[in-house]
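In case you want the letters, here they are:
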Amino acid sequence: MFQTLLIANRGEIACRVIRTARKLGIRTVAVYSDADADAQHVRLADEAHRIGGPAPGDSYLRGDAILEVAKKTGAQAIHPGYGFLSENADFADAVAAAGIAFVGPSGTSMRKMGSKAGAKELMHAAGVPVVPGYTGADQSPALLQREADAIGYPLMIKAAHGGGGKGMRIVRASGEFAAALESCQREAKNAFGRDRVLLERYVEKPRHIEIQVFADTHGHTLHLNERECSAQRRYQKVVEESPSPFLTPDLREAMGAAAVQAAKAIDYVNAGTVEFIVGQDGGFYFMEINTRLQVEHPVTELVTGLDLVELQLRVAAGQALPFAQHEVRQHGHAIELRLYAEDPAAGFLPGSGKLERLRLPAPSAHVRLDGGVVEGDTVTIFYDPMIAKLIVWDETRPRALARLREALADCDIRGPKSNVAFLEALVRHPSVVEGTIDTGYLDRALGEVLTPATPPPPPMLALAAAAVLMREEQSTRERAAAGPDPTSPWAIADGWRLGHGGARRLVLEAAGVRHVLNARGHGGDYAIGLEGEASTIRVDGLRLGDDGRASARVDGIAVLARAHVDAGSVLLHDGTQRWLIERLGAFAFAGKTGAGGDGTLKAPMPGRVVLAKVKPGDAVAEGQECAVMEAMKMELSLKAPRAGTVKEVRATAGDFVEADAVLVVLE
C-alpha cells in the first residue's frame, strides 16, 4: 500500500479521501488555491501546498503544478476526486509517466469515454443498448438540423465532451432547434473548451439509474448494484438512493450485466459508473460512463458496507478485489441529499458568503454527513456551492425517508441562503414518497414543491416569542454571574425590573410579515398578545433543551418543537415546517422599502458576462433576455425588469462583474 497520497481536489471530496487514507495509515498531501488557504481539507491533511490563484484554471486544473507538488513530497499516488482533473486523460497519462499511481482508470480508457459520441458508438458495437441519435463529426448547423428532423422530436442536444448537466437542451419542435443548438454549443465551449454536440431521441418520463462498477488489474470486473438519481432539476441530481424503487430483480440483473459489459469494452480499471436512462416500459439505454468516483457514492457504501475509496486505493496499488460478484450484499436503503448554498426562490441562484451558523444533525449509524466546511467558513464564488452531503440509512425505504425528514429538521444554515426548506418539501412530495418521480418531473412541476414561505400560526409565533424572552433572561443571568456583583437586584431577570412587571414589546418578522407582540411573565411562563388583538396566548413551562428542542404548554396543549435561538432570530421547526423568525427593534419602522423598478438590470452575483444581447436604442419587452452570465459553473439568463428602450449597456462579453453591477439601463 502507498505511504503518501496526494489529493488533487478540494472541499468535501478531499476531506472524504483523507478520512479513508488516515484509516489505512497513509500520509496525505493536500493542494490549495488562494481562496482555500484556510479550507478544511488543508487543515485535515498532513501537509498542504499552494498551487495558484482562486480560479480553477489557475489552481486545481493545473496538472503541472500538482505533479510538481507530488514529486516534491514523495507522493506515490494521486487521487483526483471528482470534477477538475478527475476525467482528464492527459493528466492521468502524465501521472503514470512520472512513475506515480493514478487512482482511477487509464488515460486510454478515459479517452474512449471522453466523447459521448464515441462512447455511444463503442457501446453499440459492444452490444450495450443505446438510444438512437447522431454522433457524427460533421457539426454544421444545417446538417445537425436535418439529422434532428430525421431522428424526430422530442430530441436531446448534448455537449459531446461534457457532464454535470452542462451543455444539454431538450428540443420539442423543429423550429426551436437552431436557437437551442447555439445556446448549447456556447455553454459547452465555456464549460469544456469544445462545442461539439451529439443528438439523441429524448425518452419521455425516463428514470435515471446508474450502476457502480469496479475492476482490478487481475481481470476481475463486477458491479455493486444500482443508484437511482431520477429526482433532478435542470439535469442536476437532487435525490440519490439505493436500491431503486423502480427496478425488478430481473431488470437489476440485466442492467448490472450490461454495465459490466460496458466496462470490459474499454478495459476499465478502478471505480466507475455506467449511467442509463430507463423508460417506463423497463427498456434501458446507455448514456455514459463516468470514469471517476461519483458524488453519490456514499449511498452505495451504506447499503453494501464497502469503503469505495479504500477499494480504489487497493486496486491502484495493484491488489485484487477482495470479493466476487455473488458476494456483493445489499442491505437496507440509503438516500443522499446535497445541501447547497443557493436560493430556490430566486431560481436556485448559487450563493456565497460566510456560514454564520452551520448546525447539522449528529452523525450516527443512521445519519452520515460528508462535508468540506464548518461554521465560520466561507462559501466562495469560485467553486461549486455545496455545503455538505446528507446521507441516511435504514432497513426499509419508508424508514429511511422518515430518518431523512428528521435529519433535515435538525439543519440550521445561516449566512448564504440554502436549499434545506426546498429539500424538506421535496422529500414529502408524493412523487418522491411513492418512488414514481422521473427525471423531468421537477422541471415540469417545480411549483408543487417550491411553495412560498408562510408565516407561522399564532401558537408557533407565541412559542417563538417566549423562546426569545427566555433566552434573553438566561443571557442576563449569565452576564450578571460574570459581573462584579452577581447578587445585585439589577442582575435578576424577573418581574421586579422595569419593563418585566409590565408588558414587554417584541417585534418579530417571518415570511415578510411583521408582528408586534406584547408579552408578560418570566421564567418560562408568559402571556403573549398580538398588538390590536384582545386575546392572549399562554405559554407555560417552557424549557429550552441543549439539543435544540423547546417544550411547553401552549394554551394548555403540550408542544414540542425545535427552536434554535440567538440574539437576533429564532429558527422554529414543528416537525413538518420551518420558520425563520427575525427579531426587529422594539419600535422598528413598519413601512416597506421600494421593490426596485428603476429600470436597471443588475448582476445577481459575481461572474463573467457571456453575451450581451441588446444594444442602446433596442426596444425590449418585460422578461426579454438581455444578457447571459456565467457564475459558479452555471449559465444565468438575465431578463428585462420591464418593457422599455435600452439607454445604456455597461458590460460586454468577457467582462467580469461584481454582484449588483448595473449591466443594462432602460430609458
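Residues numbered from 1 in each chain as written. Predicted model: local features only at pLDDT ≥ 70, side-chain atom pairs only at ≥ 80, totals over all residues. Heavy atoms only, no water.

S.K.: Explain the pairing of strand S39 (residues 662-666) here, please?
M.R.: Looking down a regular strand, the side chains alternate between one sheet face and the other. In terms of burial, S39 is largely enclosed, as 4 of its 5 residues are buried. Alignment of strand S32 (residues 600-602) against S39, held across 3 bridges, turns out to be antiparallel. Looking at S39, one finds that Leu-601 is bridged to Val-664. Taken together, the 3 bridges between strand S37 (residues 644-649) and S39 define a ladder with antiparallel strand orientation. Note on S39: the bridge partner recorded for Glu-648 is Val-665. (Buried < 20%, exposed > 50% of the residue type's maximum accessible area, 1.4 Å probe, protein only. Helix = DSSP H or I, 4+ residues; strand = E, 2+ residues; numbered from the N terminus. Pairing = 2+ DSSP bridges.)

S.K.: Sorry, what's going on with the nonpolar core here?
M.R.: Generally speaking, nonpolar side chains in soluble globular proteins are found buried as a group. Counting 34 residues, the largest nonpolar core has Leu-339, Ile-387, Leu-404, Leu-408, Phe-422 and Leu-426 as the members making the most contacts within it. Counting residues per element, the ones that place at least two in this core are strand S12 (236-242), strand S15 (333-340), strand S22 (386-394), helix H12 (397-409), helix H13 (420-426) and helix H15 (441-444). Counting residues per element, this core draws most heavily on H12, which supplies 5 residues. Apart from the residues lying within four places of it in its own chain, the contact partners of Leu-404 are Ile-335, Leu-337, Leu-390, Val-392 and Val-427. Ala-462, Val-468, Leu-469 and Leu-542 belong to the second-largest nonpolar core, a separate cluster that totals 33 residues. (Core = buried A, V, L, I, M, F, W, Y, C linked by side-chain atoms within 4.5 Å. Contact = heavy atoms within 4.5 Å.)

S.K.: Is there a simple way to explain the packing of aromatic side chains in this structure?
M.R.: Scanning all chains against the criterion turns up 7 aromatic pairs. Taking 5.1 Å as the distance between ring centres and 25° as the angle between the ring planes, the aromatic pair formed by Tyr-60 and Phe-84 counts as stacked. Here the residue Tyr-60 occupies a position in the loop between strand S3 (47-52) and helix H3 (63-73), and Phe-84 occupies one in the loop between strand S4 (77-79) and helix H4 (89-97), the gap between them amounting to 24 residues. On the basis of relative accessibility, which here comes to 0%, the residue Tyr-60 falls in the buried class. The partly exposed category is assigned to Phe-84, whose relative accessible area is 29%. Ring centres of Phe-348 and Phe-422 lie 5.0 Å apart, and the angle between their planes is 80°; this geometry places the pair in the edge-to-face category. Of this pair, Phe-348 sits in the loop between strand S16 (342-343) and strand S17 (349-350) while Phe-422 is found in helix H13, placing the two residues 74 residues apart along the sequence. Taken as a pair, Phe-348 and Phe-422 share a single burial class, namely buried. Pairwise contacts between aromatic rings join Tyr-60, Phe-84, Phe-382 and Tyr-383 into one cluster. (Phe/Tyr/Trp six-rings, centres within 6.5 Å; stacked < 30°, edge-to-face > 60°.)

S.K.: Before we go on, may I ask you to explain the pattern of salt bridges in this structure?
M.R.: In a structure, side chains of opposite charge can pair up when their charged atoms sit close to one another. Enumeration over the complete set of coordinates arrives at 54 salt bridges. The salt bridge involving Arg-186 is made with Glu-182; its shortest N-O contact spans 3.9 Å. Taken together, the residues Arg-186 and Glu-182, both in helix H8 (residues 177-192) and 4 residues apart, mark about one turn of the helix. Measuring nitrogen to oxygen at the nearest pair gives 3.7 Å for the salt bridge that ties Arg-505 to Glu-531. With Arg-505 in strand S24 (residues 504-510) and Glu-531 in the loop between strand S26 (525-530) and strand S27 (536-544), this pair connects stretches of sequence that are 26 residues apart. For Glu-531, a relative accessible area of 41% corresponds to the partly exposed category. (Salt bridge = Lys/Arg side-chain N within 4 Å of Asp/Glu carboxyl O.)

S.K.: Please explain the layout of surface pockets as it appears in this structure.
M.R.: Left-over empty space is what a probe sized like a water molecule reveals as it rolls over the atoms. Considering only enclosed or pocket space, the second largest pocket measures out at about 1,200 Å³ in volume. In terms of lining, the second largest pocket is formed by 36 residues, of which the most central are Ser-418, Ala-421, Ala-453, Arg-578 and Leu-580. At the level of elements, strand S23 (412-414), H13, S24 and strand S31 (578-584) are the ones that each hand at least two residues to the lining of the second largest pocket. With 5 residues, H13 is the largest single contributor of residues to the lining of the second largest pocket. Split into classes, the residues belonging to the lining of the second largest pocket amount to 19 nonpolar, 8 polar and 9 charged. (1 Å grid on protein atoms, 1.4 Å probe; cavity = no way out; pocket = protein on both sides within 12 Å on 5 of 7 lines; lining within 4 Å. Points joined across faces, edges and corners; volume = space filled by probe spheres on them. Nonpolar A, V, L, I, M, F, W, Y, C, P; charged D, E, K, R; others polar.)

S.K.: Would you mind going over empty space enclosed by the protein with me for this structure?
M.R.: Enumeration according to the criterion identifies 3 cavities of 30 Å³ or more in this entry. If you trace the largest cavity, you find 14 residues lining it, with Glu-228, Ala-231, Glu-241, Arg-397 and Ile-437 closest to the centre. Counting only elements with at least two residues in the lining of the largest cavity, the list comes to strand S11 (221-233), S12 and helix H14 (430-433). In terms of residue count, the dominant contributor to the lining of the largest cavity is S11 (4 residues). Looking at the lining of the largest cavity residue by residue, the class counts come to 6 nonpolar, 4 polar and 4 charged.

S.K.: Got a minute to help me understand the environment of Arg-19 in this structure?
M.R.: Following the sequence through the fold, Arg-19 ends up in helix H1 (residues 11-23). Through-space distance from the C-alpha of Arg-19 to that of Gly-127 is 39 Å; in sequence the pair is 108 residues apart. For Arg-19, the residues in contact, after removing those within four places along its chain, are Arg-368 and Asp-370.

S.K.: Would you mind going over the packing of helix H5 (residues 107-114) against helix H6 (residues 116-125) with me for this structure?
M.R.: The relative placement of two packed helices comes down to the angle between their axes together with the axis-to-axis distance. At a minimum axis separation of 6 Å, H5 and H6 run at an interaxial angle of 95°. Comparing their axes, H6 and H5 come out roughly perpendicular. Seen from H5, the contacting residues are Lys-112, Met-113 and Gly-114; seen from H6, they are Lys-116, Gly-118, Ala-119, Leu-122 and Met-123. Among the residues making up the contact of H5 with H6, the classes are represented as 4 nonpolar, 2 polar and 2 charged. (Axes fitted to C-alpha atoms, helices over the stretch in contact; angles between N-to-C directions. Parallel < 35°, antiparallel > 145°, perpendicular 65-115°, else oblique.)

Fair warning: the whole summary comes from geometry, so function is off the table for now.
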